[in-house]
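So you can see what is in the structure, the chains are spelled out below.
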Amino acid sequence: MNPSVNAGHPGVLLNVQGLSKKYGDREILRELDLIVESGEFVCIVGPSGAGKTTLLQCLSGLSAPTAGRVVLNGREIHETPPEMAIVFQDYSRSLMPWLSVLDNVTVALRSTKLNKQARHERAVAALTEVGLGDHLALYPWQMSGGMQQRAAIARALAYQPEIVLMDEPFASVDAQTRADLEDLTLALKNHLGITVVLVTHDIDEAVYLADRVVVLGNRPTQVVDIVEVELGAQRDQISTKADPKFSSLRSRVYRGIRGEAPTAADAVEG
Amino acid sequence: MKRVKLLAIEAWLPIVLVTVWLVASAGSGSLYFPPLADILHEVRELWIFDATRDDLLPSLGRIGVGFCIAVVVGVVGGVLLGLLRPLEEALRPLLEFLRATPGVALLPIATLFLGIGDEMKIFLIALASVWPILLNTIDGVRSAEPVLLQMARSYRFSTAGKIRFIYIPNAAPGVFAGCRLALAIATVVMVVTEMVGSPGGIGWFILDSQRSFNIVQMWSGIVVLGLVGYALNLALRLVESRVLAWHHMKNG
Ligand SMILES: Nc1ncnc2c1ncn2[C@@H]1O[C@H](COP(=O)(O)OP(=O)(O)OP(=O)(O)O)[C@@H](O)[C@H]1O
Ligand SMILES: [Mg+2]
């Protein structure tokens with residue numbers, strides 16, 4: 001589709017500076033700094049209730065930060081910019097039940113100024129890419145959870161964004177579907193050269209998918225560790241997860257979440 | 001096969017009741033309850049098609065125009081008030097008051113301002129039947145799924161796009177429920193305004209027949225009115241089953 005302009009030349013795509021968020025007196029996020037480079041797969045991992053959804057909403061301009069700023073391609077974000085698409089945590093509620101999956105995708109392309117024919121073609125291509133090519137006419141509630149999540153991913157892809165934000169996209173599907181969707185996401189990301197920021201509470205998932213894992217601690221949430229994952233671009237559910245590097249990375253992330261200091265061994269591995 | 005079964009479920013009770021009425025009233029000498037067979041004969045004689053042309057069609061015209069006004073005003077107003085919360089809060093007491101006032105209670109004042117012709121009748125039909133549609137639309141707009149609204153914002157839907165693809169479809173089941181209620185109210189108001197207003201229309205026909213002691217003719221009007229009410233409701237349900245196909249499939 002649309003390989004990101006900067007794919008070959010890593011550069012800063014998303015820059016988060018001193019991001020804080022309070023709901024009333026409750027401090028959720030405290031002075032987060034984060035840089036995402038073009039073409040990177042970044043996983044943000046944190047415990048349930050840490051404020052991961054809140055963070056993604058700030059990153060996408062759906063919610064205004066209390067302090068700090070979010071800059072995408074050099075411009076500060078106040079609403080979701082056209083080069084960004086989101087896959088929501090609650091996929092079943094983020095699809096319109098009154099429209100077929102195909103229409104769910106085409107309707108989301110209306111702001112792109114493409115004509116009807118082009119929107120249709122793009123939607124069909126994206127749905128085919130995620131394996132829903134034979135199910136275009138189904139309504140979301142006629143599909144399994146995994147299929148609904150594929151549809152939500154297709155909607156984001158059809159939008160041809162430079163960056164996709166995903167909020168625990170695989171949290172409520174079964175293990176097998178989850179592995180399939182993880183591999184689908186990796187393959188699409190590699191093939192399209194887009195940047196992905198994925199939020200999850202699952203450490204294995206974060207290490208398996210990411211080029212870099214950002215570890216969040218408990219509330220008020222701060223970045224406690226940033227872990228580079230050098231497992232190569234080609235990953236495999238069995239051999240990657242059996243790699244000794246994988247297990248040392250995941251124990252480092254685990255300790256970060258628990259609030260323990262990284263050990264010397266971690267430093268060598270990382 | 002399924003159709004036949006549905007039809008049977010729909011029709012068995014009316015068939016039984018009509019048969020009972022036919023048998024029980026056969027040979028009745030009562031002035032007020034003439035035999036159903038006579039009434040049906042009168043229906044055939046009168047309503048195919050002279051009275052239909054002279055009285056029924058004008059009635060249908062009035063209820064059609066009045067009901068359509070109610071739907072348009074109810075949906076457009078409901079979307080506006082649903083989206084503009086402060087405006088709705090300011091108007092809420094007034095709306096509740098107007099809704100609680102039976103539309104026909106405004107008949108005397110409506111006749112003062114609009115006379116006894118079509119304007120008054122259509123106005124009252126629309127006024128009395130707009131409330132369930134308006135209030136259900138407001139609720140439907142308010143109850144739009146927050147995740148969907150975030151999705152719409154993130155994909156940069158225009159306001160018109162949000163209304164068309166999120167708010168209206170979300171309100172649609174409630175709007176149709178409101179329309180069914182509104183149609184029943186509209187029928188009542190149509191009959192009442194015709195009985196009180198200028199001559200013509202099925203309501204006037206029934207009252208006029210009674211006044212001239214033509215009881216069989218009066219009953220024929222009532223039977224036709226019942227059939228018309230049933231047909232209107234059926235038409236609305238047909239539209240609904242088209243528009244809300246997704247909703248009926250989803251909820252079994
Ligand atoms: N709109 C809001 N108003 C007030 N408090 C909120 C709001 N949204 C979230 N919170 C609070 O912020 C905290 C973080 O919520 P958030 O949904 O961001 O967590 P999360 O990490 O995404 O959790 P999960 O893993 O369960 O999805 C929670 O304690 C929640 O109660
Ligand atoms: Mg969340």
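Described in the following lines is the structure provided in the data block. (Residues numbered from 1 in each chain as written. Chains lettered and ligands numbered in written order. Predicted model: local features only at pLDDT ≥ 70, side-chain atom pairs only at ≥ 80, totals over all residues. Heavy atoms only, no water.)

Some details on the site of ligand 1
Residue and element names in this part refer to chain A.
Part 1: The immediate surroundings of ligand 1 are formed by 13 residues, with Arg26, Lys52, Thr53, Thr54 and Glu168 found nearest.
Part 2: Separating an oxygen atom of ligand 1 from a backbone N or O atom of Gly49 is a distance of 2.9 Å.
Part 3: Of all elements in the fold, only strand S2 (26-37) and helix H1 (52-59) reach the threshold of two or more residues within the shell around ligand 1.
Part 4: Among the elements that make up the shell around ligand 1, the one with the highest residue count is H1 (three residues).
Part 5: Looking at the shell around ligand 1, its residues break down into three nonpolar, six polar and four charged. (Near = heavy atom within 4 Å. Polar contact = N/O pair within 3.5 Å; in protein donor to acceptor, adjacent residues only side chain to side chain. Helix = DSSP H or I, 4+ residues; strand = E, 2+ residues; numbered from the N terminus. Nonpolar A, V, L, I, M, F, W, Y, C, P; charged D, E, K, R; others polar.)

Some remarks on the coordination of the magnesium ion (ligand 2)
Part 1: Coordination of the magnesium ion (ligand 2) by the protein involves Thr53 of chain A (OG1) and Gln89 of chain A (OE1), with metal-donor separations of 1.8 to 2.3 Å. Separated by 36 residues along the polypeptide, Thr53 of chain A in helix H1 and Gln89 of chain A in the loop between strand S6 (84-87) and helix H2 (91-94) bring together distant segments of the chain. (Donors = N, O, S within 2.8 Å, 3.2 Å for Na, K, Ca; no water.)

A word on the sheet that holds strand S3 (residues 41-45) of chain A
Residue and element names in this part refer to chain A.
Part 1: The six strands are arranged S6-S7-S8-S3-S9-S10 in an open sheet whose pairing can be described as mixed. Sheet topology places S6 and strand S10 (223-228) at the edges, where each strand pairs with a single neighbour. Neighbour-to-neighbour, the strand axes of this sheet turn through a mean angle of 15°, independent of strand direction.
Part 2: Direction of pairing for S6 relative to strand S7 (residues 163-167): parallel, over a ladder of four bridges. For Val87, the partnering residue across the bridge sits in S7 and is Met166.
Part 3: Packing against the sheet, helix H5 (residues 145-158) makes contact with S6 and S7, and its axis sits at approximately 175° to S6.
Part 4: Strands in contact with helix H9 (residues 244-258) are S3, strand S9 (212-216) and S10; relative to S10, the strand with the most contacts, it is inclined by about 170°. (Pairing = 2+ DSSP bridges. Axes fitted to C-alpha atoms, helices over the stretch in contact; angles between N-to-C directions. Contact = heavy atoms within 4.5 Å.)

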